[in-house]
Amino acid sequence: MSKIAHYLQEHLNGEVTDSLEARRYFSHDASILQITPSVIVYPASESDVRKTARFCWQLAERGKVLPITARGGGSDTSGAAIGSGIVMAFTAHMNRILALDPKKEFVTVEPGITFGSLLQTLYTHGLFLPPYPASSAYATIGGGLANNSIGEKSVKYGDLAKYVEKLSVVLANGEVIETRPLNKRDLNRKMGLTTLEGNIYRGVDALIEENQALLAEEKSRIRSAHNRAGYNLFDVKTKKGFDLTPLFLGSQGSLGIITEATLQLVRHNPIAELAVLSLGSLAELHDVLPRILDLKPSVCEMINKAAVVQINRLSPNQLKGLLDNPAADIHLIIEFDDSKEGGQKKSLKSLAKIVQRSGGSLMVATSTEDRDRINKFRRSIATLFLENRGDTKAVPAADDVSVPIDSLLDFMHKAIEIYSQAELVPAIWGQAGDGVVRMHPVLDIGRVGDRQRLFRVSDAIYKSALEAGGSISASAGDGRLRAPYLAHVYGPEGSKLMLEAKKIFDPHGILNRGVKTATADEVKAIIRSEYSRPHHEHLPRS
Ligand SMILES: Cc1cc2nc3c(=O)[nH]c(=O)nc-3n(C[C@H](O)[C@H](O)[C@H](O)COP(=O)(O)OP(=O)(O)OC[C@H]3O[C@@H](n4cnc5c(N)ncnc54)[C@H](O)[C@@H]3O)c2cc1C
């Protein structure tokens, strides 16, 4: 055991290891990147997190930076759950529900609990946390908060940030803070502190005050429903008060380590109407989608024809009998979960009228069998990830952008063109209702030519998303993979502002070093020679 691992083991209650096997395992997340950590810490409590951060801070003060990467389920696709120093794995011990108040509809959890197991408990109380990602079986609340996750129901219920009441966060130097909206008096008190917390409040307040015009301009330029690029300096100062919470959400563990979260819950209606709408031409989406969104669906997902063709090619019998019109250009999966009696039926009737006018076809689930059919179609997307011809694999890159609804159709046309020109199959899926577009190029990332192709496609996709008023990071954050594009999102001044925010929280660059700051050359140097997601590959996905 190294000296550092030994020292930490002596001072922490949780386990510490630097075994080659563990380091190898934690050198991957679900991205195409790879970094081998030097030590793995499995914190038993907040005190372990605090002590580890304090230790690294003291080392950094003596000129040696040992970065810390917080880690949940490791399902991050942007290369943000890996790091060269200490990987702090929360799933081992800090995975409990600390308090649940079904009447007031609140839950307090540790970060390592998975969405899946939290939801299981919440459902038994008739409650749920709506923005659960498709990776909920293994993704944790800590990772979800750090990425400000969205899910299939985000079209109606928004992102995870909307449900956060307060957070406990361990800062880079080991101080523990609680974040929540502060009034003027409380803010002044915080700004008077002589601690890192005091520095942060003073620094962030000054940064926002001095750059109000720039922030307002950037905020209005990105019109998509979701934007995880950079740091959310936009929502710190609001009518509710001054709140650091939005900065930690989506920061991917690069500003602080979340050790506890109190979340607001929502009543769960397990009975929902489900339908598949198939449109003969993609162009029809332009008129149809806004009208569907007026009906406030709880799910509005899409799968295009190229994806259906690809699924059929990979698994010839999988879609047999599932779709009324398999040749349609685009299929929308719509759900209504209105709890008012008759509300869902009314929405379905309106949906039928929209479809009638558009000339599309509608398959409404009227039985368990129909419901199973639709869900099976939905889950068929997972088949696209199984693409494996020789050394080529579907890789999670050049995807996951969010564009405004009024630009969705144009963007999809462009994305199809970009993929086709690169001789890649333009299979598209995602959350149409939120303007979230997902595409995975099938490449052999071990080959130089394919890597170059990947970067060319990424450049073009991200450029088009930005031109459409969207964001390059819709659900996963920038991580390392998209960090080189930050300057394209916010321009030189805006991206400098983001780096200044990072410096205020983490002056020594300890927390998830490289995340949101990596250069293109740094990214190229850590691309894996082959791509696989061993521990996620065999789990169900929707
Ligand atoms: C098949 C698949 C489907 C997906 N579907 C979706 C989807 O529908 N919606 C969506 O939003 N995302 C999706 N993702 C991306 C990812 O699963 C989510 O962002 C998820 O919430 C990450 O959780 P995790 O526990 O795996 O986090 P990890 O991958 O372990 O970490 C993610 C980030 O959070 C940081 N982090 C982890 N714990 C903490 C903590 N305690 N404090 C501070 N920072 C922390 C990490 O350092 C890292 O930067 C998908 C990924 C895959 C592979």
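Residues numbered from 1 in each chain as written. Predicted model: local features only at pLDDT ≥ 70, side-chain atom pairs only at ≥ 80, totals over all residues.

Colleague: What's the story with the overall build of the protein chain in this structure? I'm lost.
Modeller: Looking only at helices and strands, one finds 18 helices and 23 strands in the protein chain. Projected onto the principal axes, the alpha-carbon positions of the protein chain cover approximately 70 × 55 × 45 Å. The 542 residues of the protein chain split such that 49% are buried. The contacts of the protein chain with a sequence gap of at least 6 include a subset with a gap of at least 24, amounting to 74%. (Helix = DSSP H or I, 4+ residues; strand = E, 2+ residues; numbered from the N terminus. Buried ≥ 20, exposed ≤ 12 C-beta atoms within 10 Å, placed from the backbone. Contact = placed C-beta atoms within 7 Å.)

Colleague: I keep staring at the site of the ligand and nothing clicks. Help me out?
Modeller: Near the ligand you find 38 residues, and of these Gly72, Gly73, Gly142, Gly143 and Gly253 are the closest. Counting only elements with at least two residues in the shell around the ligand, the list comes to strand 3 (68–71), helix 5 (141–147) and strand 12 (257–264). A per-element tally of the shell around the ligand places helix 5 first, with five residues. A per-class count over the shell around the ligand returns 15 nonpolar, 19 polar and four charged. (Near = placed C-beta within 6 Å. Nonpolar A, V, L, I, M, F, W, Y, C, P; charged D, E, K, R; others polar.)

Colleague: For this particular structure, what's the right way to read the environment of Ser19?
Modeller: You can see Ser19 is positioned in the loop between strand 1 (15–17) and helix 2 (20–25). Counting along the chain gives 211 residues from Ser19 to Gly230, while the straight-line C-alpha distance between them is 34 Å.

Colleague: Any chance you could explain the domain arrangement of the protein chain here in plain terms?
Modeller: Where interface size is given, it is often the accessible area lost as the parts come together that is meant. What the domain assignment lists for the protein chain is domain 1 (97–267) and domain 2 (273–385). The C-alpha-based centres of domain 1 and domain 2 are spaced at 33 Å. Classifying every residue of the side of domain 1 that touches domain 2 gives one nonpolar, no polar and four charged. (Domains from an automatic or database assignment.)

Colleague: Got a minute to help me understand the packing of helix 7 (residues 184–191) against helix 8 (residues 196–210) in this structure?
Modeller: Running from amino to carboxyl end, helix 7 crosses helix 8 at an angle of 120 degrees, the nearest separation of the two axes being 7 Å. Considering the angle they form, helix 7 stands oblique to helix 8. Between helix 7 and helix 8, the contacting residues are Leu187, Lys190 and Met191 on the first element and Glu197, Gly198, Tyr201, Arg202 and Asp205 on the second. The residue inventory of the contact of helix 7 with helix 8, partitioned by class, reads three nonpolar, one polar and four charged. (Axes fitted to C-alpha atoms, helices over the stretch in contact; angles between N-to-C directions. Parallel < 35°, antiparallel > 145°, perpendicular 65-115°, else oblique.)

Colleague: Hey, could you run me through the packing of helix 11 (residues 285–294) against helix 13 (residues 343–358) in this one?
Modeller: Between two packed helices, both the angle of their axes relative to each other and the distance between the axes serve to describe the pair. Where helix 11 contacts helix 13, the two axes come as close as 10 Å, and the packing angle between them is 170 degrees. The orientation of helix 11 with respect to helix 13, classified from their angle, is roughly antiparallel. Here Asp287, Val288, Arg291 and Ile292 of helix 11 come into contact with helix 13, specifically with Leu351, Ile354 and Ser358. In terms of residue class, the contact of helix 11 with helix 13 is built from four nonpolar, one polar and two charged.

Colleague: Looking at this model, I keep getting lost on the pairing of strand 6 (residues 106–109). Mind explaining?
Modeller: Consecutive side chains of a regular strand alternate in pointing toward one face of the sheet and then the other. Of the two faces of strand 6, only the one carrying Val107 and Val109 is buried; Phe106 and Thr108 on the other face are not. Two strands pair when backbone bridges link them, and strand 5 (residues 97–101) and strand 6 are joined in this way by four bridges, in the antiparallel orientation. Opposite Asp101, over in strand 6, you have Phe106 as the bridge partner. Linking two consecutive strands that pair antiparallel, namely strand 5 and strand 6, is a turn of four residues; a positive phi of about 60 degrees is found at Glu105 within it. (Pairing = 2+ DSSP bridges.)

Colleague: What am I meant to see in the nonpolar core here?
Modeller: Side chains of a nonpolar character, in soluble globular proteins, are inclined to be buried together. One finds Val41, Met88, Ala307, Ile334, Ala415, Val437 and Ala465 to be the most contacted residues of the largest nonpolar core, which totals 146 residues. Broken down by element, the residue count for this core peaks at seven residues, all from helix 17 (residues 486–505). Mapping this core onto the domain boundaries places at least three of its residues in each of domain 1 (97–267) and domain 2 (273–385). The residues touching Ala307, leaving out its near neighbours within four places in the chain, are Ile381, Leu384, Ala427, Ile428 and Trp429. (Core = buried A, V, L, I, M, F, W, Y, C linked by C-beta atoms within 7 Å.)

Colleague: Mind showing me how you'd approach unusual backbone geometry here?
Modeller: A negative phi angle characterises most non-glycine residues, just as the trans form characterises most peptide bonds. Even without glycine at this site, Gln252 takes up a positive phi of about 55 degrees. Structurally, the position occupied by Gln252 is in the loop between helix 10 (245–248) and strand 12. With 30 C-beta atoms packed within 10 Å, Gln252 lands in the buried category. In this model, Asn512 sits at a positive phi of 45 degrees, which is unusual for a non-glycine residue. Relative to the helices and strands, Asn512 is located in the loop between helix 17 and helix 18 (520–525).

Colleague: I tried to follow the sheet that holds strand 23 (residues 442–443) on my own but got confused; where do I start?
Modeller: In a beta sheet, neighbouring strands are held together by backbone hydrogen bonds and run either parallel or antiparallel to one another. Reading across from one edge, 18-19-23 is the order of the three strands in this open sheet, with antiparallel pairing throughout. The open sheet terminates on both sides in strands that have one partner only, identified here as strand 18 (388–389) and strand 23. One ladder, built from two bridges, connects strand 18 with strand 19 (residues 392–394); its direction is antiparallel. Along strand 19, the bridge assignment pairs Arg389 with Thr392.

Colleague: Just checking my understanding: could you explain the sheet that holds strand 14 (residues 273–279) for this structure?
Modeller: The seven strands lie next to each other as 17-14-16-15-21-22-20, forming an open sheet whose pairing is antiparallel. Of all the strands in the sheet, just strand 17 (361–364) and strand 20 (401–402) have a single pairing partner and so form its edges.

Colleague: How should I be thinking about the environment of Arg185 in this particular structure?
Modeller: Of note, Arg185 is situated in helix 7. Arg185 gets classed as exposed once you count the C-beta atoms within 10 Å, which come to 8. Taking the C-alpha atoms as reference points, Arg185 and Gly198, 13 residues apart in sequence, are found 14 Å from one another.

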